[in-house]
Amino acid sequence: MNATKRKFNALLNGIGNKSTTTLASKEVNNDQVDLTTADNTDSQAKKRRISSSTSIPARISSSLTRPRTMATIVHKKSASVAHPATSTEPPKYAPWDRVEFLKRLKSFSNLTDWTPKPARVNEVEWAKRGWVCQKSERVRCCLCNVEILVKLNRKEVDGKEEPVYVAQNIEDALVDKYVELIVTSHDENCLWRKRGCDDSIFKLPLNHAPTTIETLRERYNELLERSQTLPYPFNMRNPEGFDLELVLSYLPPGFFNPPQVAEQMSNAPIEVNKVAFLMALFGWQGHTHERLGPQLGSVSCHACFRVLGLWIFKSKEVNDAGEEVAGAVIDRLDVVKQHRDYCPWQNQASQNGKKPAKTSTSSMAGWEIVLRVLKNDHHLRTAKDVQGGKARSPGTASEVVPAELDDDDVRSIRDEKDKERWARLRRVKSLFETKNKRRSTTSKAAGS
């Protein structure tokens, strides 16, 4: 009832105000339309924002994924071009590689893993055929992985190995069998079965005089760092007829100077550690443990991997006058005999091969070749000084002493001079070749 009255009063009030009501209603409707449109616009914008917010990560992820994959591929390609893929694993079959041969030989250096064997089946023969030492007298091929237990005159007693004295003919038969097994124990398709290292694989690279002198200097500097632990001069034993003072006179000027001042102080007197030089001359150098680093109380040979504790050979007590009061554990350090028997520093067959070509050094061990290199280098330098007209004291020119040189020395000196001449000719030729190449490239560029 009240609602009906309100409607009736509204009709009465609206009589004569139709246009106003219409306009007002239109304005209200327009406002509603505008609000609706604005709401629709806002909702559409929100939808766009929502859709765009959901699609942007997808686009970003897709856009990032594709270029990143391509970039990775391009990077890998460029890396492969700039740095060719090299395997960190050393080659398993390289009978020509002396470095790999020495690595295999070094695996036999631990006396707890490998005891000395007769020369025909020693560690050198096994390493030449690709074998490395495992533990407890066991060897393994680095290519076909066959393993052999090598025991000649030893057996286990209560878990410990003890020597067994057998007849000589039985031991010789065992050696013959192992000589055969060094080859035949490989798999049939193993390359080490077909060919091993040559006899010259053990040869020390001593032919190039500058390199030989530089490596001698490096060994001396390593031993000089151990000057406090080196034996005394009277603890050393040299080969018969060896003259250390004469060898020192063969050295080039500035040999004992530190590298940084070798040029500025070439004529300055330097105190020479003769024990360090003597050991360096015969192939010894500072010992560096694989895990513990440099060992100042030890030296080693990098050819036969013999390690010497210097305290064994150094006198326990010396008085103020330099005389021995208490002797060393081992009376003398023999710089040659302390190498292993097969070491090329003392074994001429290991240095030159079993059937070497006849040369001036084919019958020399490594240390003898170093002496020959130093002597020839000294005579070459002296001859150049004389030819250059440098001022010398009377009689110095005659001290070149060509009469002391035998035919082999003269031949080796002549070969050194020929090598120097050819080297200079090759350098001059290379200069002309580079100039011709530049001219040809410029002419081609101008013609194009």
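Residues numbered from 1 in each chain as written. Predicted model: local features only at pLDDT ≥ 70, side-chain atom pairs only at ≥ 80, totals over all residues. Heavy atoms only, no water.

1. Overview of the pairing of strand E2 (residues 138-141)
Only one face of E2 is covered, namely the one carrying Val139 and Cys141; the face carrying Arg138 and Arg140 has none of its residues buried. Where strand E1 (residues 131-133) lies against E2, three bridges are found, and the strand directions are antiparallel. Bridging across to E2, tryptophan 131 finds its partner in cysteine 141. Linking E1 back to E2 in an antiparallel pair, the connection comprises four residues, with serine 136 at a positive phi of about 60 degrees. Both E2 and strand E3 (residues 147-149) contribute to a ladder of three bridges, which runs antiparallel. Bridge pairing links valine 139 to isoleucine 148 in E3. Counted along the chain from E2 to the antiparallel partner E3, the turn is five residues long, and its residue asparagine 145 has a positive phi close to 65 degrees. (Buried < 20%, exposed > 50% of the residue type's maximum accessible area, 1.4 Å probe, protein only. Helix = DSSP H or I, 4+ residues; strand = E, 2+ residues; numbered from the N terminus. Pairing = 2+ DSSP bridges.)

2. Topic: the sheet that holds E3
In spatial order, the strands read E1-E2-E3; together these three strands make up an open sheet with antiparallel pairing. The sheet is open, and its two edges are formed by E1 and E3, each paired on a single side. The average angle at which neighbouring strand axes cross in this sheet is 30 degrees, direction not considered. (Axes fitted to C-alpha atoms, helices over the stretch in contact; angles between N-to-C directions.)

3. Some details on the pairing of strand E7 (residues 284-289)
Pairing of E7 with strand E8 (residues 293-301) involves six bridges; the strand directions are antiparallel. What sits directly across from glutamine 285, in E8, is serine 300. Here E7 folds back onto E8 in antiparallel fashion, the turn holding three residues.

4. Focus on the confidence of the model for the protein
Per-chain confidence: the protein averages 77 in pLDDT, with 64% of residues scoring 70 or above. By mean pLDDT, the top-scoring element of the protein is helix H9 (residues 274-281) (96), and the lowest-scoring one is helix H2 (residues 18-82) (46). For residues 50-54, every residue scores under 50 in pLDDT, and the model assigns this stretch two contacts once sequence neighbours within four places are set aside. Low pLDDT, under 50, characterises residues 56-85; the predicted model gives this stretch two contacts beyond four residues in sequence or across chains. (pLDDT = per-residue confidence, 0-100. Contact = heavy atoms within 4.5 Å.)

5. Examining the environment of leucine 105
Within the secondary structure, leucine 105 is located in helix H3 (residues 98-106). Considered as a pair, leucine 105 and glutamate 125 are 20 residues apart in the sequence and their alpha carbons are 9.3 Å apart.

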